[in-house]
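# Fold and contact review
What follows is the residue order along each chain.
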Amino acid sequence: MAQQEKDPAKERQTDRSLTMSRAMVEAIAHEMRADDDVFYMGEDVADYGGIFDSTEGLLEEFGHDRIMDVPISETAYIGAAVGAAQAGMRPIAELMFVDFFGVGMDQIYNQMAKNTYMSGGSVSVPMVLTAAVGGTYNDAAQHSQTLYGTFAHLPGMKVVVPSTAYDAKGLMHNAIRDDDPVVYMFHKRLMGIGWLPAPDGPKTPVPEDEYTIPFGSADVKREGSDVTVVTLGLHVHRALEAADELADDGIDVEVVDLRTLVPLDTDTVRDSVAKTGRLVVVDEDYRSFGVTGEIVAQVAEAEDGLADLEAVERVAVPDVPLPYARPMENEVVPDAEDITDAVRAARGDE
Amino acid sequence: MYEAMVTARRYEERLQEEYLEGKQPAFDISAGPIPGELHLAAGHEASGAGVCQHLRDDDTVTAPHRPHHIAVAKGVDLKRMTAEIFGRETGLSKGKGGHMHLFDPDVNFACSGIIAEGCPPAVGAGLAAKKRNTDSVAVAFLGEGAIDQGAFLESLNLAAVQDLPVVFVVEDNDWAISMPKDRVTDVENGARRADGFDMPGTRVDADDAVAVYEAAREAIGRARDRNGPSLLEVQVHRRMGHFMGDPQAYRSDEDKAAAQQRDSIDRLESDLRAHGVDDETIDELRSSAKERVEEAIEWAKEQPEPEPADAHEDVFTNPPSGVTDGEPNVAKTETGGDD
Ligand SMILES: Cc1ncc(C[n+]2csc(CCOP(=O)(O)OP(=O)(O)O)c2C)c(N)n1
């Protein structure tokens, strides 16, 4: 993939910091003002403003016709978004928790993702499917999954995973304008919701104007020369925390935030590994057949890839459903300490 | 029935107190002794008690995300259920399931937190009863917000065409999180959904436990006598937010107040008095319910937390070698867990 131009707006001056949810909402509101064909459908998105504040405040400006509460019937309304998109509109449909995907998965996997291909390119599906992902507050196995790999695995959908407010806004502008179906997965812990405290990291300065962040452009969130940590979503912040701690021991960690899984910016990852020689991939999704394996394979497949790779470590949720009780959830969801250990292991420190 | 109702109410009052501990003053869902979300059923008691009165241990019940009143009425082990909600090792699911995922095979009780997804397994239990020629029945509980879901409608159809001993109980509390009933359905009487499947549908229009009891007797009796499935919709009320911490900004004060006023427990109590039950008997029932609840909560709080490594067990009943004990997570096994 060609190296994409990196965030032209990033250098813009701004003193204004937003939570990730505010930044997402700002992009949605902007696109809705600019284009009457954009509308938002989901459960509790209107009067409630989204359980995770994903539509907070939009009802007041746009009303129930464009911020639509729908019955609990994911098959019907996600499929309706596909149909409306094929009719030329630009719907955004919210699947409240990604775990509920099974209920509407045929419409996602067999319609939304495949209609462009099956029609020989004569049909396009310009819609966004948003979904909350992630655990870390003990909601057990049906409400805590991350499932990046599930959505990135089947061809036909672009998959976006922001980790900061700045990225969330730019990526949302892109997602709505894109002529293809986009799955936009936001981590609950990053949104800045009243009842679920977020770490400081995701709240960043955000320009008031619109801007886009090209899909397929990973972001080096921290430069370093010893070990490359590739991750996304919440775990960008856990990796940065680990990097700070390791820096005290003189270990210089580079943190690469993928930002989108489809398309995947393998160039940035390979360049970083060529520099450091050591790769640690961190993911809050299940370990097997997922993001960690894919990244390692992409690096290994590159020209000189295996020669560059001195060490590889994977940190992911072991192949168990997310448990409820705290000691067990803490055990399976990677934390900064797990990342620190993996970095040390990659260096052969243990 | 009254006892099941007051036990459920008291139980949830105590859970609420425990849940809020450590989460105040600024509500943080991940703090305090009870982890995760908590959906309380205050105002729903009449349906759980009125229906489950007719059930035996070998009858199957599937409950949704708001399960406690149904579990209490079905006779789920109160102590182990409480330990589960507190995330303890001796909980019904060893701390793996939590309050939305309670399983008690001894009384054939199960839960699912995904809307309407308890309906197909209830149909399956009905199918097993039919195939094995027993007279046990299955009851699927769901909210009125769940009646648009494919899993519910497909289950009605399958149960109908196969003549299965299943009763679908819709608890209509007027709200699906922030969505009022009129925004999710154009059919005010949800029991009419049964017409499309050629099965009996009944709606009990007030929080009247006695009326629920009568209607459930009919429906469950029908199922037990192998006369096929039915649908029962019960008007209940949501006295609280959807989940603990829900600010309910979408709900008018009048609506909240109305839900408080129409209480099935008060109603049943005056019915009992009208039928000559004296204060002493009622007080006794209430205080024994309190005692049972207190005992369960105290017991649960004394139970140990699970070991972090327990997370790796129970993925399979018959684990393939190399899958358990955290083996796949290399970084973890090298450090021996992080707690
Ligand atoms: C398939 C699915 N979609 C959405 C949700 C999120 N959700 C949980 S409870 C709920 C509302 C349920 O309303 P209702 O069925 O009326 O039950 P109540 O909460 O009122 O008891 C929603 C939308 C879910 N758990 N599963």
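Residues numbered from 1 in each chain as written. Chains lettered and ligands numbered in written order. Predicted model: local features only at pLDDT ≥ 70, side-chain atom pairs only at ≥ 80, totals over all residues. Heavy atoms only, no water.

An unreviewed UniProt entry annotates chain B as Thiamine pyrophosphate-dependent dehydrogenase E1 component subunit alpha of Haloterrigena gelatinilytica.

With an unreviewed UniProt entry as reference, chain A is termed Alpha-ketoacid dehydrogenase subunit beta, source organism Haloterrigena gelatinilytica.

Taken together, the buried positions of helix α4 (residues 105-112) of chain A are A:M105, A:Q107, A:I108, A:Y109 and A:M112. The secondary structure elements touched by the buried residues of α4(A) are α3 (74-86), α5 (115-118), β5 (128-133), α6 (148-153) and β7 (182-187) of chain A. (Buried < 20%, exposed > 50% of the residue type's maximum accessible area, 1.4 Å probe, protein only. Helix = DSSP H or I, 4+ residues; strand = E, 2+ residues; numbered from the N terminus. Contact = heavy atoms within 4.5 Å.)

Here, the residues flagged by UniProt with the feature "domain: Transketolase-like pyrimidine-binding" (unreviewed entry) are residues 18-193 of chain A. Secondary structure over residues 18-193 of chain A splits into 39% helix and 18% strand, and the C-alpha atoms at its two ends are 12 Å apart. (UniProt positions renumbered as here; feature names shortened; annotations may be inferred.)

Residue and element names in this part refer to chain A. By the criterion of burial, strand β4 (residues 90-97) is predominantly enclosed, with 8 of the 8 residues buried. Across 5 bridges, the pairing between strand β2 (residues 38-42) and β4 is parallel. Residue pairing for β4: V38 is matched across the bridge by R90. Note: β4 against β5, 5 bridges, orientation parallel. Directly across from F97, in β5, lies its bridge partner A132. (Pairing = 2+ DSSP bridges.)

With that settled, the discussion passes to the UniProt feature "domain: Dehydrogenase E1 component" (unreviewed entry) in chain B. The UniProt entry lists residues 31-308 of chain B under the feature "domain: Dehydrogenase E1 component" (unreviewed entry), expressed in the numbering used here. The annotated region residues 31-308 of chain B carries 41% helix and 12% strand content, and the separation between its end C-alpha atoms amounts to 18 Å.

Here we take up the site of the ligand. Near the ligand, the surroundings consist of 22 residues, among which A:E74, B:H65, B:R66, B:G113 and B:W175 are the closest. Around the ligand, the nearby residues trace back to chains A and B. Between the ligand and B:R66 there is a distance of 2.7 Å, counted from an oxygen atom to a side-chain nitrogen or oxygen. Considered on its own, the ligand offers 580 Å² of accessible surface; in the complex 97% of this is hidden by protein. Of the residues contributing to the shell around the ligand, the split by class is 10 nonpolar, 8 polar and 4 charged. (Near = heavy atom within 4 Å. Polar contact = N/O pair within 3.5 Å; in protein donor to acceptor, adjacent residues only side chain to side chain. Areas by Shrake-Rupley, 256 points an atom, 1.4 Å probe, with all protein chains shown as cover. Nonpolar A, V, L, I, M, F, W, Y, C, P; charged D, E, K, R; others polar.)

Residue and element names in this part refer to chain B. Taking 1.5 Å per residue as the helical rise, helix α5 (residues 119-132) with its 14 residues ought to reach 20 Å, and the 20 Å between its terminal C-alpha atoms agrees with that figure. Among all positions of α5, only C119, A122, V123, G126 and A129 are buried. Down the axis, α5 shows its buried residues gathered within 115° of arc, on one side only. Those residues of α5 that are exposed and aimed more than 90 degrees away from the buried face are K131 and R132. The secondary structure elements touched by the buried residues of α5 are β1 (60-63), β3 (138-143), α6 (150-161) and β4 (166-172). After α5 finishes, the residue N133 shows a positive phi value of roughly 60°. (Expected span 1.5 Å × (residues − 1). Arc of directions from axis to C-beta.)

Another point: the sheet that holds strand β9 (residues 219-222) of chain A. All names here are of chain A. Judged by pairing direction, the sheet is mixed, and its 5 strands sit side by side in the order β9-β11-β10-β13-β14 without closing on themselves. Strands with a single pairing partner mark the edges of an open sheet, and in this sheet they are β9 and β14 (311-317). Pairwise comparison of adjacent strand axes, ignoring direction, gives a mean angle of 25° for this sheet. Across 3 bridges, the pairing between β9 and strand β11 (residues 253-257) is antiparallel. Paired with D219 across the strands is D257, a residue of β11. (Axes fitted to C-alpha atoms, helices over the stretch in contact; angles between N-to-C directions.)

Residue and element names in this part refer to chain A. Here we have 7 strands laid out as an open sheet, ordered β3-β2-β4-β5-β7-β6-β12, and mixed in their pairing. In this open sheet, the two strands that pair with only one neighbour each are β3 (67-69) and β12 (260-262). Pairwise comparison of adjacent strand axes, ignoring direction, gives a mean angle of 20° for this sheet. Pairing of strand β6 (residues 158-160) with β12, which is carried by 2 bridges, proceeds in the antiparallel orientation. Residue pairing in the sheet places V160 in a bridge with T260 of β12. Sitting on the sheet, helix α2 (residues 58-66) is in contact with β2 and β3, with an inclination near 60° to β3.

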